[in-house]
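# Architecture at a glance
Below are the chains, spelled out letter by letter.
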Amino acid sequence: MATVLQVYTKAIEEGKAFGVLSGDLRILISHDMGWAEPIDTLFHKDEEFAAEPLFLEQYERLKKGEPVEYIINEARFLHHRFYVDPRVLIPRMETEELIANISERITDYFDPRNWLVCADIGTGSGAIAITLKSMFSNWLITASDISSDALEVAKKNIADSNLRVQTLQGDGLQPFIDANMNLDIIVSNPPYILNKDEVQDSVKNYEPSSALYLDKAHSVYEDIFSKYKKVKKGSLLMCFEIGYDLKDYLIDLMQRYLEDYEYEFIEDLNGLTRFLFVYCK
Ligand SMILES: C[S@@+](CC[C@H](N)C(=O)[O-])C[C@H]1O[C@@H](n2cnc3c(N)ncnc32)[C@H](O)[C@@H]1O
């Protein structure tokens, strides 16, 4: 039987022509061997690779461009691991930054120890809602999605987390309005890609298009801005992940719909404008 190192180095060499990343190979190997971390591939490099048949099958999928997270049905997000499959977007590092920005700024607006009512609109895997609930255990968090398929995945992750997060299915703010909810915080990472040509093939071919592309005729941003008064009782904080090229579009929407508000665009670690926080007094 081949050792882990032999299989790993052969796969790196062969995978070059297909753009396979060595980091993804470590994720696959460690997952198949039941090890906790990708780096364990190197710590156990001289062991016999008992899971080679399974790995070789998955490696073919990796060579075709399938994201490793869908192959192993698991994505890491901050200190969590979430179940993912092609019904949901794979949670991204930028969204980890969205959470970090909320955590850094929340005390500018609210005492986070209070029982704040929070909506995660377009929850996908549930990554935002579950992570916020794990950080702010007294918040009342409801995760929604227009896609019932995506919501099934979110429900699985919520059940696995043992945290209390409610779910609602529906379009934008409407399910919260229908449920007569008063919200303190709206968090949303909605579809925001304008230019389809900029999207990598592995994203285009495998991730759900309903999670990716902004349709200005049916925009979650516009839906929230145009209806926010129906869920606002006191002050309302809205925290969005946004496309780097949406600043003018969003300023225009805010001017059109919002009253008595402050806003801040925030850059990500790459220096791109990727988040918008809006505070309605
Ligand atoms: C970019 S993904 C974000 C998923 C997850 N929140 C995350 O950050 O990884 C956008 C999500 O919004 C959902 N969505 C798209 N249009 C929507 C709408 N009009 N109302 C509610 N959810 C919507 C999609 O189904 C998808 O799950």
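Use the structure listed above.
In short, a report on the structure. (Residues numbered from 1 in each chain as written. Predicted model: local features only at pLDDT ≥ 70, side-chain atom pairs only at ≥ 80, totals over all residues.)

## Description of the site of the ligand
Formally: In this analysis, residues qualify as near a molecule or strand once their C-beta atom, positioned from backbone atoms, comes within 6 Å of it. Elements are defined by DSSP. Helices are runs of H or I of four residues or more, strands are runs of E of two residues or more, and each kind is numbered from the N terminus. Note on residue classes: Ala, Val, Leu, Ile, Met, Phe, Trp, Tyr, Cys and Pro are nonpolar, Asp, Glu, Lys and Arg are charged, and everything else, Gly too, is polar.
The local shell around the ligand holds 24 residues, among which Gly 122, Gly 124, Ile 146, Asn 189 and Ala 211 are the closest. Residue assignment for the shell around the ligand shows that the elements contributing at least two residues are helix H7 (127–135) and strand E4 (140–145). Of the residues that constitute the shell around the ligand, the class distribution is 12 nonpolar, 10 polar and two charged.

## Quick notes on the sheet that holds strand E8 (residues 261–267)
Here is the rule: Strand pairing follows a simple DSSP-based rule, namely that at least 2 bridges must link the two strands. Only C-alpha atoms enter the line fits that serve as axes; for helices the fit covers just the stretch in contact. Angles between N-to-C directions range over 0 to 180 degrees. Here the contact rule is simple: place C-beta atoms from the backbone, and any two residues whose C-beta atoms are within 7 Å are in contact.
With respect to topology, seven strands assemble into an open sheet ordered E5-E4-E3-E6-E7-E9-E8, the strand pairing being mixed. The open sheet has two free edges, formed respectively by strand E5 (166–169) and E8, since each of these has just one partner strand. Sheet twist, expressed as the average angle between the axes of neighbouring strands with direction ignored, equals 15°. Across seven bridges, E8 lies against strand E9 (residues 273–280) in antiparallel orientation. Note on E9: the bridge partner recorded for Tyr 261 is Cys 280. Sheet strands in contact with H7 are strand E3 (117–121), E4 and strand E6 (183–188), and its direction is about 175° off that of E4.

## Observations regarding the nonpolar core
Definition in use: One nonpolar core equals one set of buried Ala, Val, Leu, Ile, Met, Phe, Trp, Tyr and Cys residues connected by C-beta atoms within 7 Å. The exposure label follows from counting other C-beta atoms within 10 Å of a residue's C-beta, where the C-beta atoms are placed from the backbone and the thresholds are 20 or more for buried and 12 or fewer for exposed, leaving partly exposed in between.
Counting 58 residues, the largest nonpolar core has Cys 118, Leu 132, Ile 185, Ile 186, Ile 224, Met 238 and Cys 239 as the members making the most contacts within it. Non-local contacts of Cys 118, meaning those with residues more than four positions away in its chain, are made with Leu 132, Trp 139, Leu 140, Ile 141, Asp 184, Ile 185 and Val 187. The next biggest cluster of nonpolar side chains, apart from the first, holds 14 residues, and it includes Val 4, Ala 11, Leu 25 and Leu 62.

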